[in-house]
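Results of the structural survey
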Amino acid sequence: MCKFCDVRLRSPADSGGGSVPQLGRSSATQPLPAGLGQPARKTLIKGGAVLSMDPSVGNYTIGDVLIEGEKILAVGPHLDSADAAVIDASGMIVMPGFIDTHHHQFETALRSLLSDAILVNDGRPESTANYYEWMLQKFSVLYRPEDVYISELFGGISQIDAGVTTVMDVSQIHHSPEHSDSAIAALRDAGRRAVFGYFEGWGDLAKYPGDARRIRAEHFSSDDQLLTMVMGGEIYLPFHEEAWATGRELGLPIALHVVGTFGMQPTFDGLAMAGKFGPDNIFIHMTGMSDMAWQRAADAGAHISLSVPIEMQMRHGEPPLQKALDLGLQPSLSTDVECTMTADMFTQMRSTITLQRMIANEKALRGDDYPKLLSAMDVIRFATIEGARGLKLEHKTGSLTPGKDADIILLDATALNVAPLNHVPGAVVTLMERSNVSTVFCAGQVKKWQGSLIGHDIAKLRRELEASRDYLFEKAGVEQDLFRQ
């Protein structure tokens, strides 16, 4: 008999005896303290389990975070609260907001449309509705500026709800300067930290990449603002050299998809051998690339953004997580496309840790040498401070560090799916999902308070998103079949 089967070794709770404690915080929402986020206003987040993601700050079983305006003043136990509004964080995990380094927010109106799709048509009947032909050739070319705006805004608000306080929006929808301006307006109106990725568009009115100069001057003349900018430098475009040169002229990071499925390896190898890589590069996916190019990327200090569940689902190739780690590269995590997969970071972290451990554990079972197993803290690091480093925002966000902006989330550890709390990183990675995100601060401003979003009429926005979806389906000539096979 195994020890788990022997009734004499079971705990009292296993026998059905004893009282059952009530779980979960009170359903009564407390009023929002007045003046939060105002320049001189101090706020004390008190009594939570503080996961700082900064080794010099440390973590606290019971700790406080003191904010003044948009900045973090102090992190530690028993902080003075004499002149501060106090937020009771007992039963909460207090940590930096998640950072998504690659999200095509313009696709929000087409959520789950391509849940079963792969990237390109492989000739099989089930691949008729594939990403390249449907999203890039059938739907995206139809977007009006107002379609861009509502998808960008709704997608951004949705990620705030899930605790994502920073995003790099990779919207390949810049069919005109008006499309670009609509995307920027939506990022601003969502109210969180965002990196506007200026990528390509289609049609006679598209001004990529040259319009980057106007966009930089009009919208991003200061680097000290909630919105910043990245230059898209897709190497499958015939004028990618111009895009890279423009990005470096403007002092912008250069981001691009690097996917073996699309036959990019020769071009990527050429750039590697020509010494074109730099610390300003953000390489997304990095599937199917040569060892030489990987080494050149590592030597150049380039950043790697992985979208593990999408890469597995859509046939990008096996996510090169271990390849990056073996070269000393610390990747960030990104959600990619909601037409196929949800855009929350809990899904990303769980997929990443289980993939790496599956591969390593298989090697261990075969008696082979195997890499160090990823921990819950590792993937939280990928989803926070490594994302900040990749987007060149580590001086602003990614950890609870005094002097940084207050991008903070409070996660409910008293909820039915988490209690009792026994391990903070483990609870975040292996148990939690978006319903555990209680309160969200973006640069000191409360965007979600005790489970409720603030500042947006969600019902109105949902109707506008549905109207945009209906327009896109009609123009694409695609029937709205909720059970399409």
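Right, let's walk through the structure included here. Residue positions within a chain follow its written sequence, with the count starting from 1. In keeping with the predicted nature of the model, local features appear solely for residues at pLDDT of at least 70, side-chain atom pairs appear and are counted solely at 80 or more, and the whole-chain, interface and lining totals rest on all residues. Derived side-chain values reflect all non-hydrogen atoms in the structure, with water molecules and hydrogen atoms excluded from consideration.

Section: the packing of helix 3 (residues 177-190) against helix 4 (residues 212-219)
Each pair of packed helices can be described by the angle between their axes along with the distance between the axes. This is how it is decided: Each axis is a line fitted through C-alpha atoms, and for a helix only the stretch in contact is used; angles between axes span 0 to 180 degrees, taken between their N-to-C directions. In this text, helices come from DSSP runs of H or I with a minimum length of four residues, and strands from runs of E with a minimum of two, each type numbered from the N-terminal end. Crossing chirality is assigned from the near helix's rotation relative to the far helix, an anticlockwise turn below a right angle marking it left-handed and a clockwise turn marking it right-handed. In what follows, residue pairs with any heavy atoms lying within 4.5 Å of each other are defined as contacts. Classes in brief: Ala, Val, Leu, Ile, Met, Phe, Trp, Tyr, Cys and Pro nonpolar; Asp, Glu, Lys and Arg charged; the others, Gly included, polar.
One way to put it is that helix 3 packs onto helix 4 with a least axis distance of 11 Å and a crossing angle of 35 degrees. Relative to helix 4, the crossing made by helix 3 is right-handed. Mapping the contact onto sequence places Pro177, Ser180, Asp181, Ile184 and Arg188 in helix 3 and Arg214, Ile215 and His219 in helix 4. Of the residues assigned to the contact of helix 3 with helix 4, the class counts are three nonpolar, two polar and three charged.

Let's talk about the side chain of Gln105
Tracing the backbone through its elements, the reader meets Gln105 in the loop between strand 6 (98-103) and helix 1 (131-139). With residues near it in sequence (within four places) discarded, Gln105 still touches Ser151, Glu152, Gly155, Gly156, Gln159, Val167, Asp169, Ser171, Leu187 and Arg192.

Concerning the nonpolar core
Under the convention used in this document: Buried residues of nine kinds, namely Ala, Val, Leu, Ile, Met, Phe, Trp, Tyr and Cys, make up a nonpolar core once their side-chain atoms join them within 4.5 Å. Classification of residues uses two cut-offs on accessible area relative to the type maximum, computed with a 1.4 Å probe and protein chains only: under 20% is buried, over 50% is exposed, and between them is partly exposed.
Phe98, Phe283, Met349 and Val428 are the most contacted members of the largest nonpolar core, which totals 109 residues. Considering every element that reaches this core, the biggest residue donor is helix 2 (residues 145-161), with six residues. Not counting residues up to four positions away in its chain, the partners in contact with Phe98 are Ala162, Gly163, Val164, Thr165, Thr166, Met345, Phe346, Met349, Ala383, Thr384, Ile409 and Val428. Within the second largest apolar cluster, 20 residues are counted, among which are Ile45, Ala89, Val94 and Ile408.

Remarks on the pairing of strand 10 (residues 254-259)
In plain terms, the rule: Whether two strands pair comes down to DSSP finding at least two bridges between them.
For strand 10, the tally of buried residues reaches six of six residues, placing the bulk of the element in the interior. Every second residue of strand 10 is oriented toward a common face, with Ile254, Leu256 and Val258 on one face and Ala255, His257 and Val259 on the other, all of them buried. Two strands pair when backbone bridges link them, and strand 10 and strand 11 (residues 281-287) are joined in this way by six bridges, in the parallel orientation. Bridging across to strand 11, Ile254 finds its partner in Asn281.

What to know about the environment of Ile72
By the element assignment, Ile72 lies in strand 3 (residues 71-76). When residues no more than four places from it in sequence are discounted, the contact partners of Ile72 are Val65, Leu66, Ile67, Ser399, Leu400, Thr401, Pro402, Gly403, Lys404, Asp405, Ala406 and Ile408.

Comments concerning unusual backbone geometry
Cis geometry is found at the peptide bond from Tyr208 to Pro209, where omega equals 0 degrees. Following the sequence through the fold, Pro209 ends up in the loop between strand 8 (193-198) and helix 4. The amide bond that connects Ala419 to the next residue, Pro420, takes the cis arrangement and shows omega of 0 degrees. Phi at Ser112 takes a positive value of approximately 65 degrees, unusual for a residue other than glycine. Considering the arrangement of structural elements, one finds Ser112 in the loop between strand 6 and helix 1.

Considering the pairing of strand 2 (residues 60-68)
Here seven bridges tie strand 1 (residues 42-50) to strand 2, and the two strands are oriented antiparallel to one another. Counterpart to Val50 in the pairing with strand 2 is Tyr60. Counting the residues between successive antiparallel strands, the hairpin from strand 2 to strand 3 contains two residues, one of them, Gly69, with a positive phi of roughly 60 degrees.

Things to note about helix 1
Think of an α-helix as turning once every 3.6 residues; residues three or four places apart then point the same way. Note the cut-off: In this context, the arc is that of the directions from the helix axis out to the C-beta atoms. Within 3.5 Å is the distance limit for a polar contact, defined as a pair of N or O atoms, with the added protein rule that one can donate a hydrogen and the other accept it, and that residues adjacent in sequence qualify only through two side-chain atoms.
Listed in full, the buried residues belonging to helix 1 are Tyr131, Trp134, Met135, Leu136 and Phe139. Buried residues of helix 1, seen end-on, are gathered within an arc of 155 degrees and therefore sit on one face of the element. The N-cap residue of helix 1 is Asn130: its side-chain oxygen and the backbone nitrogen of Tyr132 are 3.4 Å apart.

Some points on the environment of Gly155
Relative to the assigned elements, Gly155 resides in helix 2. Separated by 38 residues in sequence, Gly155 and Arg193 place their C-alpha atoms 13 Å apart. Excluding its chain neighbours within four sequence positions, the residues that come into contact with Gly155 are Gln105, Thr108, Arg111 and Arg192.

Focus: the side chain of Gln172
Note on placement: Gln172 falls in the loop between strand 7 (164-171) and helix 3. At a separation of 3.2 Å, a polar atom in the side chain of Gln172 contacts the side chain of Glu234. Within the structure, the side chain of Gln172 is placed 3.0 Å from the side chain of Tyr236, a separation counted as a polar contact. If we skip the residues at most four places from it in the chain, Gln172 touches His104, Phe106, Leu136, Phe199, Glu200, Trp202, Glu234, Tyr236 and His257.

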